[in-house]
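# Survey of secondary and tertiary structure
Each chain, letter by letter, is given below.
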Amino acid sequence: MSLDVNVKALMKNAFRQSKVRGETASRVRVPGGLINAESMARVVEIAQEFGNGTIFLTNRQGMEIPGIPLEKVPEVNERLQAIIDDSGVNQEERGKGYPAAGTRNVVGCPGSRLCPFGCYDTTALARRMDKAVFPNNRHVKIAFTGCSNDCAHVALNDFGIIGMTEPQYDRDRCIGCEQCVKWCRSRSVGALSVVNGKIVRDEDLCIGCGVCVNYCPTRAWTRSPEHYFRLKIMGRTGKQNPRLAEDWLKWVDEDSIIKIAQNTYAYIDEHIDPGAPGGKEHIGYIVDRTGFEEFVKWALDGVELGPKCERASRVYWGGKRYDRSNELK
Amino acid sequence: MGYVLSREGLDQVLQGLGTEYRLYAPVLKMGEGRFADTDVVRYDFVTSLDQIELSKKSDYAFKELLTPLSETLFFFTEGEVKVADKDVRDVIVLLRACDLHAVKRLDQMYLANGTEKDWFYQRIRDHVRFALIGCPSSFENCFCASMGTNVAPEGWVFSLEEADGGYRCAVADGTLAGLFAEHADAEADVEPAHVVENDTKVRVPENVPTAIYKHQMWDEYTVRCLKCGRCTIACPTCTCYTMQDVFYTDNGRVGERRRVAASCMIDGYTDVAGGGQYRRTGGERMRFKVLHKVHDFRARFGYDMCVGCGRCDDICPEYISFAACVNKLADAVDALGKEVDGDE
Ligand code: HEM
Ligand code: SF4
Ligand code: SF4
Ligand code: SF4
Ligand code: SF4
Ligand code: SF4
């Protein structure tokens, strides 16, 4: 029997089209990059029973199980069910695998579950975001990183979220040892100075990394009860104009970020190039075409930015324009 | 006299004490730990039992009341000095056996070290009394039994500890007995609980030869120690301070003198005019701290400064164990002794 496979449906079902005729690869979604050991073992079993015994660790913290015969897809989908249940990823029909692949795995650095510098639980927020935007066929990349170190490389994403804390200063606990000043200078941006034995923070310069809190020996510096974020937007890799995401919002709250990401899908539906290959167009290019203001109008629909939130009125991106010149000078 | 009280009963007692005393006790400060969404236990004024954290060892010690981390001593203008106001209403401090032993060390340093008493310390100390939190079991890193500080000395007015869903209190100050009797479920023979053994055991060397000064045992700390001083800030017996003379920027002839905590582990401590610095490396500082705690203080006052609370080990971000260091010191001293014997 010759193969008669709907490749578009296959890809939408999170199976990759393989170079090797008759084979495919199953793409396992791991929001926030944290998977429990049982599910890891299930991935291994699928690779051994259906695949070629290897597992590819993707750049976006997912896994791909290559070498699966196309006719085994329904069986693999059934075996994926326990993994999907464990990871809490939204599904449309049980036993049928992942309902979409366009919106990419939501990335997260280890965050405050493990990392001393993490300003919030990146895993929990990545999972919350995944629930809010998946399944969706639109090509959107979202990544969460715990602090300004940006270990998750969020600046390469459409939405890059960086954790922030607003350091709280108790002058009565400060002994003027200047360790916060020293560490802020050497590990961060140098936002602190000493005035008459006490510490002054340059609120504009401070990036909310929490390094001062980490190094203060007395708990004169503590973290704000609120978790804040920096939202960088429209970074991308790729052929035409790869570029880093740029700052749009600072000291923004979690709920607003979720809502902005959700709103973006409606904006894409409205403005996507109907002729885009495979119905996919990076949002960044859509924003380039419609203008930033149009994006903002859609993204902020119904969003109440908190009183602390600062917003860039314009965002300027840089990057290489391969579509204009590929010359090395 | 001893009493068995319900949670409500003890709370009533504390409220009753609150009319005459301020209560200073360990408090779980939510979200105020170093890392995101972590807590810290440190001392603060409280008004009810709910606010008090009795199940954990405090990360920072009670000493912040007696020797504030930062305290304005007086204000000065061109010709006059005005002593800073201080709330000196009476206080009852809730602390553990090792801590009460630490009070003796603080008193020694501030009131009985040379001819002068520290007036600012005394001003606070005169209004402070203590209540003992019993320790039915040891916490991690405690080595009070090794230091002989596991049984509280005299000086507490009452004790309290959780038992069978309620509280057991011994009352040493007869004037408080009435208040306890009023809210107690029953009278009982109560001895404050104390631990007899800790997992961590420390051997303090009796005499330390000066050859230890250049011993290689300190070298590892030069690599490991951040010189952050957390170990001394959290320590109930560290007493070092420095002065800040501050001139107000609006008027450079007016200002204040502050006393702030200092530490032999933190930069600046041995700086002298001309840029000299006597102990630069973590190893040198560790040597100075450890010897002060288990040797030098004893040479002057006849007993060790360290009370074995283990807070230094709890708080060190680099997993440097003071207890392990003292044991290494004891071994090094033994080895040095053998070398000397061998030479003879
Ligand atoms: C005329 C000569 C000197 C004068 C007037 C002088 C004065 C002082 C003063 C006022 C202090 C501060 C005490 C304090 O803050 O409690 C001090 C500390 C000290 N001086 Fe001198 N000094 C002199 C020479 C020296 C010399 C020659 C040395 C060493 C070779 C020396 C070593 C020290 C040390 C180690 C300290 C202790 C630093 C500290 O604890 O912070 N001094 N001196
Ligand atoms: S949060 Fe970071 S940038 Fe801000 S003052 Fe602290 S160390 Fe400096
Ligand atoms: S590290 Fe803490 S105690 Fe030291 S100067 Fe900074 S705020 Fe003050
Ligand atoms: S040196 Fe360490 S164990 Fe000893 S009293 Fe100080 S904090 Fe406690
Ligand atoms: S150990 Fe250091 S900071 Fe503590 S009392 Fe001794 S010299 Fe002072
Ligand atoms: S021993 Fe630990 S707590 Fe003490 S100064 Fe060194 S790194 Fe800091």
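Residues numbered from 1 in each chain as written. Chains lettered and ligands numbered in written order. Predicted model: local features only at pLDDT ≥ 70, side-chain atom pairs only at ≥ 80, totals over all residues. Heavy atoms only, no water.

By nearness alone, 13 residues border ligand 6, and Cys-225, Cys-228, Gly-229, Cys-231 and Cys-316 of chain B come closest of all. Among the residues making up the shell around ligand 6, the classes are represented as eight nonpolar, one polar and four charged. (Near = heavy atom within 4 Å. Nonpolar A, V, L, I, M, F, W, Y, C, P; charged D, E, K, R; others polar.)

In terms of domains, chain A is made up of domain 1 (7-87), domain 2 (107-163 + 228-311) and domain 3 (168-222). In this structure, domain 1 of chain A and domain 3 of chain A have C-alpha centres spaced 47 Å apart. (Domains from an automatic or database assignment.)

What follows is about the side chain of Arg-173 of chain A. Along the chain, Arg-173 of chain A turns up in the loop between strand S8 (168-169) and helix H5 (179-187). One polar contact links Arg-173 of chain A to Glu-64 of chain B, side chain to side chain, over a distance of 2.9 Å. If near-sequence neighbours (up to four positions away) are discounted, Arg-173 of chain A is found in contact with Thr-218, Arg-219 and Ala-220 of chain A together with Arg-42, Tyr-60, Glu-64 and Leu-69 of chain B. (Helix = DSSP H or I, 4+ residues; strand = E, 2+ residues; numbered from the N terminus. Polar contact = N/O pair within 3.5 Å; in protein donor to acceptor, adjacent residues only side chain to side chain. Contact = heavy atoms within 4.5 Å.)

A separate point is unusual backbone geometry. Along the chain, Phe-134 of chain A connects to Pro-135 of chain A via a cis peptide bond; the corresponding omega equals 5 degrees. The phi torsion at Met-234 of chain A lies on the positive side, around 60 degrees, for a residue other than glycine. When you line up the elements, Met-234 of chain A lands in the loop between strand S12 (228-233) and strand S13 (246-252). By relative accessible area, Met-234 of chain A is classed as buried at 1%. Of note, Asp-37 of chain B is a non-glycine position whose phi angle comes to about 55 degrees, a positive value. On the secondary structure map, Asp-37 of chain B appears in the loop between strand S2 (22-29) and strand S3 (40-46). (Buried < 20%, exposed > 50% of the residue type's maximum accessible area, 1.4 Å probe, protein only.)

What follows concerns the nonpolar core. If you look at the biggest cluster of nonpolar residues, it comprises 45 residues, and the most contacted ones within it are Ile-142, Phe-159, Trp-248 and Phe-295 of chain A. Broken down by element, the residue count for this core peaks at seven residues, all from helix H7 (residues 254-271) of chain A. Each of two domains, domain 2 (107-163 + 228-311) and domain 3 (168-222) of chain A, supplies a minimum of three residues to this core. Listed in part, the 29 residues of the second largest apolar core include Val-46, Ile-52, Ala-131 and Phe-180 of chain B. (Core = buried A, V, L, I, M, F, W, Y, C linked by side-chain atoms within 4.5 Å.)

Time to look at a nonpolar patch on the surface. Residues and elements named next belong to chain A. A cluster of nonpolar side chains, contributed by Val-44, Ile-55 and Leu-57, occupies part of the molecular surface with about 240 Å² of accessible area. Within the secondary structure, Val-44 sits in helix H2 (residues 37-49). Classification of Val-44 by relative accessible area gives partly exposed; the value is 33%. (Patch = residues over 30% accessible without salt bridge, like charges linked within 9 Å, V, L, I, M, F, W, Y side chains within 5 Å. Areas by Shrake-Rupley, 256 points an atom, 1.4 Å probe, with all protein chains shown as cover. Salt bridge = Lys/Arg side-chain N within 4 Å of Asp/Glu carboxyl O.)

With that settled, the discussion passes to the environment of Met-164 of chain A. Residue and element names in this part refer to chain A. Mapped onto the elements, Met-164 comes out in strand S7 (residues 159-164). Between the alpha carbons of Met-164 and Lys-259 there is a distance of 19 Å; along the sequence they are 95 residues apart. Setting aside residues no more than four positions away along its own chain, Met-164 makes contact with Cys-119, Ile-207, Gly-208, His-227, Tyr-228, Phe-229, Arg-230, Lys-250 and Trp-251.

What follows deals with the site of ligand 2. Close contacts around ligand 2 come from 13 residues, with Cys-184, Cys-206, Cys-209, Gly-210 and Cys-212 of chain A the closest. Partitioned by chemical class, the residues of the shell around ligand 2 number nine nonpolar, three polar and one charged.

Quite often, the size of an interface is put as the accessible area lost when its parts meet. Between chain A and chain B, the residue contacts involve 26 residues of the former and 28 residues of the latter. Taking both sides of the interface into account, the surface hidden between chain A and chain B amounts to around 2,200 Å²; carbon and sulfur atoms contribute 48%. The tally of links between chain A and chain B comes to one salt bridge. Those elements giving two or more residues to the side of chain A that touches chain B turn out to be H5 and helix H6 (211-215) of chain A. When residues in the side of chain A that touches chain B are grouped by element, the largest group, three residues, is from H6 of chain A. Residue composition of the side of chain A that touches chain B, by class: nine nonpolar, ten polar and seven charged. (Buried area = accessible area lost by both parts, 1.4 Å probe.)

All names here are of chain B. A sheet is described by the order of its strands in space; here eight strands give the open sequence S3-S2-S6-S7-S8-S9-S1-S10, paired in mixed fashion. Edge positions in the sheet fall to S3 and strand S10 (186-187), since each of these pairs with one other strand and no more. The sheet contact formed by S2 and strand S6 (residues 91-95) spans three bridges and is parallel. Each residue of the ladder has a partner; that of Tyr-24, found in S6, is Val-93. Taken strand by strand, helix H1 (residues 7-18) contacts strand S1 (2-5), S2, S6, strand S8 (156-163) and strand S9 (166-170), and its axis lies near 120 degrees from that of S1. Here helix H3 (residues 97-111) sits on the sheet and contacts S3, S6, strand S7 (128-133) and S8; the angle it forms with S7, its principal contact strand, is near 155 degrees. (Pairing = 2+ DSSP bridges. Axes fitted to C-alpha atoms, helices over the stretch in contact; angles between N-to-C directions.)

Within the secondary structure, Gly-16 of chain B sits in helix H1. Along the backbone, Gly-16 of chain B and Phe-180 of chain B are 164 residues apart, and their C-alpha atoms lie at a distance of 9.4 Å.

All names here are of chain B. Pairing within the open sheet is antiparallel, and its four strands lie in the order S5-S4-S12-S11. Each having just a single partner strand, strand S5 (81-83) and strand S11 (241-247) make up the two edges of the open sheet. On average, each strand axis in the sheet is inclined to that of its neighbour by 25 degrees, with strand direction left out of account. Here strand S4 (residues 70-76) runs beside S5; their pairing, made up of three bridges, is antiparallel. Looking at the pairing, Phe-76 lines up with Val-81 of S5.

Further remarks concern the packing of H7 of chain A against helix H8 (residues 283-290) of chain A. For any two helices packed against each other, the geometry is given by the interaxial angle and the distance between the axes. Residue and element names in this part refer to chain A. Packing of H7 against H8 brings their axes to within 11 Å, and their N-to-C directions diverge by 65 degrees. Helix-helix and strand crossings are classified by hand; for H7 and H8 the assignment is left-handed. Of the residues in H8, those touching H7 at Thr-264, Tyr-267, Ile-268 and His-271 are Ile-283, Ile-286, Val-287, Arg-289 and Thr-290. The class makeup of the residues in the contact of H7 with H8 is five nonpolar, three polar and one charged. (Left-handed = near helix turned anticlockwise from the far one by under 90°.)

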